[in-house]
Amino acid sequence: MLVRLLYASRAVDTSAGAIEAILAQSRTHNTACGITGILCYGGGVFLQAIEGGRMAISELYGHIQRDARHKDVVLLHYEEISERRFGGWTMGQVNLSKLNVSTLLKYSEKPELDPYSVSGKVSLALLEELMATAAIVGRH
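Let me begin by describing the structure that accompanies this report.

Looking at the packing of aromatic side chains
This model, assessed by the stated rule, comprises 2 aromatic pairs. Judged by centre distance (6.0 Å) and plane angle (55°), the rings of Y7 and Y61 are tilted. A residue pair is termed long-range when its members are at least 10 positions apart, and Y7 in strand β1 (residues 2–11) and Y61 in helix α2 (residues 54–66) qualify at 54 residues. When the ring of Y41 is compared with that of F46, the centres are 4.8 Å apart and the planes differ by 45°; the resulting orientation is tilted. Judged by its relative accessible area of 0%, F46 falls in the buried class. The aromatic ring of Y116 is capped on one face by R10, whose charged end is 4.1 Å from the ring centroid.

Right, here's the structure in full:
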């Protein structure tokens, strides 16, 4: 049973080193657990879609909720899926500083990443557009 979970959180430490450490740990751990996904980070906010087996995703989300590096963790969307949308990525990353602001404005009131103010489906659509427009950097 494959599932997709979309959540948002705020970084406690927004330094580049802290963010890179989170990415490195997720790439290492997620690959071993069969989890794929995409991470969008900007302005201290994480937006992440993770896909994999139901138990693996549930365990990972529980870990994220207890992780002291994250605060304001909120579940935006959860669904059973027949196939992965982000299967080619162990954990792709979107660099919002290089993103065209019109892409963000297409999905929100202001040109900034704020998944707390839009629906989960809107946030998922934003991630899909970022993937389709090759705005994702990171490891395949």
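As for α2
Think of an α-helix as 3.6 residues a turn; residues three or four steps apart then line up on the same face. Over its 13 residues, α2 runs 19 Å from end to end, which matches the ideal 18 Å to within 8%, given 1.5 Å per residue. Listed in full, the buried residues belonging to α2 are A56, I57, L60, Y61, G62 and I64. For α2, the secondary structure elements touched by its buried residues are β1, α1 (16–32), β3 (45–53) and β4 (70–81).

Procedures and definitions
Residues numbered from 1 in each chain as written. Predicted model: local features only at pLDDT ≥ 70, side-chain atom pairs only at ≥ 80, totals over all residues. Heavy atoms only, no water. Phe/Tyr/Trp six-rings, centres within 6.5 Å; stacked < 30°, edge-to-face > 60°. Helix = DSSP H or I, 4+ residues; strand = E, 2+ residues; numbered from the N terminus. Buried < 20%, exposed > 50% of the residue type's maximum accessible area, 1.4 Å probe, protein only. Lys NZ or Arg CZ within 6 Å of the ring centre and 35° of its normal. Expected span 1.5 Å × (residues − 1). Contact = heavy atoms within 4.5 Å.

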